[in-house]
Amino acid sequence: MSQLHITLRFNDVLIEDKVINGLNGVRLGEAPDAAVKFPGANLSVRSGKNGVVIDGESWGATARLTYGEVTLELREVVFNPTEKDWSWMPDPVILVATVGLITAAAFADTLQQVGLSETVRTEQVQRARVSAQPGGYLQEEQADTGLA
């Protein structure tokens, strides 16, 4: 971001001192739409890559113009926005793990509600039937332990 610091003096007395946005260009002097009005000139000023640009001509970081008793000083003010402080942000690994856990839980809950876990329920019903038969519990236990 770049702005222009404009200082206008008449007989070394400060008349106007302001900072304006200089990227799009502004008019200075006798123009009706001038940002800073003074007699003797009609200038188009903007902030360029190499500093202040006056009527299409680059003047560097600072330009000083004198029109009789009027002195106009233009300086480019370049500033960079400050870096944002991300220290409040939690550790990204914890954040990703939390989101993954919540997603997995929501997916499991959806499966249960939709009924796609029917195969698990079928296995549980079959085990319940086997254990309800006489001697079925022992057979099921022996099958699980490998003793049968």
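Draft legend 1. Representation of a nonpolar patch on the surface within the structure. On the surface, a cluster of nonpolar side chains totalling about 420 Å² of accessible area is made up of W88, M89, L95 and V99. Using a relative accessible area of 38% as the deciding quantity, one classes L95 as partly exposed.

Draft legend 2. Spatial organisation of the sheet that holds strand 4 (residues 36-37). Spatial ordering of the open sheet is given by 4-3-5-6-7, a layout of 5 strands whose pairing is mixed. In this open sheet, the two strands that pair with only one neighbour each are strand 4 and strand 7 (57-60). Sheet analysis places strand 3 (residues 26-29) next to strand 4, joined by 2 bridges and oriented parallel. Bridge pairing in strand 4 links L28 to V36.

Draft legend 3. Looking closely at unusual backbone geometry. If you check the backbone angles, N11 has positive phi at about 55 degrees while not being a glycine. Its location among the elements puts N11 in the loop between strand 1 (2-10) and strand 2 (13-21). Positive phi outside glycine occurs at D55, with the angle close to 50 degrees. Residue D55 is classed as partly exposed on the basis of its relative accessible area of 46%.

Draft legend 4. Representation of the nonpolar core in the model. Ranked by internal contacts, the top residues of the largest apolar core, which has 18 residues, are L28, F38, L43, V45, L72 and L74. Among the secondary structure elements, those contributing two or more residues to this core are strand 1, strand 3, strand 5 (42-48), strand 6 (51-54), strand 8 (62-67) and strand 9 (70-78).

Draft legend 5. Structural detail: empty space enclosed by the protein. Under the defined criterion, the tally for this structure stands at 1 cavity of 30 Å³ or more. Here the largest cavity is characterised by a volume of approximately 30 Å³. Lining the largest cavity, in full, are T7, R9, R64, T71, L72 and E73. Put simply, the parts of the chain that give the lining of the largest cavity at least two residues each are strand 1 and strand 9.

Draft legend 6. Quick peek at the pairing of strand 9. Across 9 bridges, strand 1 lies against strand 9 in antiparallel orientation. Note on strand 9: the bridge partner recorded for I6 is L74. Here 6 bridges tie strand 8 to strand 9, and the two strands are oriented antiparallel to one another. Along strand 9, the bridge assignment pairs T66 with T71. Hairpin connection between strand 8 and strand 9: a loop of 2 residues separates the two successive antiparallel strands, and G68 in this loop has a positive phi of roughly 65 degrees.

Draft legend 7. Quick peek at the sheet that holds strand 1. One open sheet accounts for 4 strands, arranged 2-1-9-8; its pairing is antiparallel. On the outer flanks of this sheet lie strand 2 and strand 8, each paired with one strand and no other. Each strand axis lies, on average, 15 degrees off the axis of its neighbour in the sheet, ignoring direction.

Conventions used here
- Residues numbered from 1 in each chain as written.
- Predicted model: local features only at pLDDT ≥ 70, side-chain atom pairs only at ≥ 80, totals over all residues.
- Heavy atoms only, no water.
- Patch = residues over 30% accessible without salt bridge, like charges linked within 9 Å, V, L, I, M, F, W, Y side chains within 5 Å.
- Areas by Shrake-Rupley, 256 points an atom, 1.4 Å probe, with all protein chains shown as cover.
- Salt bridge = Lys/Arg side-chain N within 4 Å of Asp/Glu carboxyl O.
- Buried < 20%, exposed > 50% of the residue type's maximum accessible area, 1.4 Å probe, protein only.
- Pairing = 2+ DSSP bridges.
- Helix = DSSP H or I, 4+ residues; strand = E, 2+ residues; numbered from the N terminus.
- Core = buried A, V, L, I, M, F, W, Y, C linked by side-chain atoms within 4.5 Å.
- 1 Å grid on protein atoms, 1.4 Å probe; cavity = no way out; pocket = protein on both sides within 12 Å on 5 of 7 lines; lining within 4 Å.
- Points joined across faces, edges and corners; volume = space filled by probe spheres on them.
- Axes fitted to C-alpha atoms, helices over the stretch in contact; angles between N-to-C directions.

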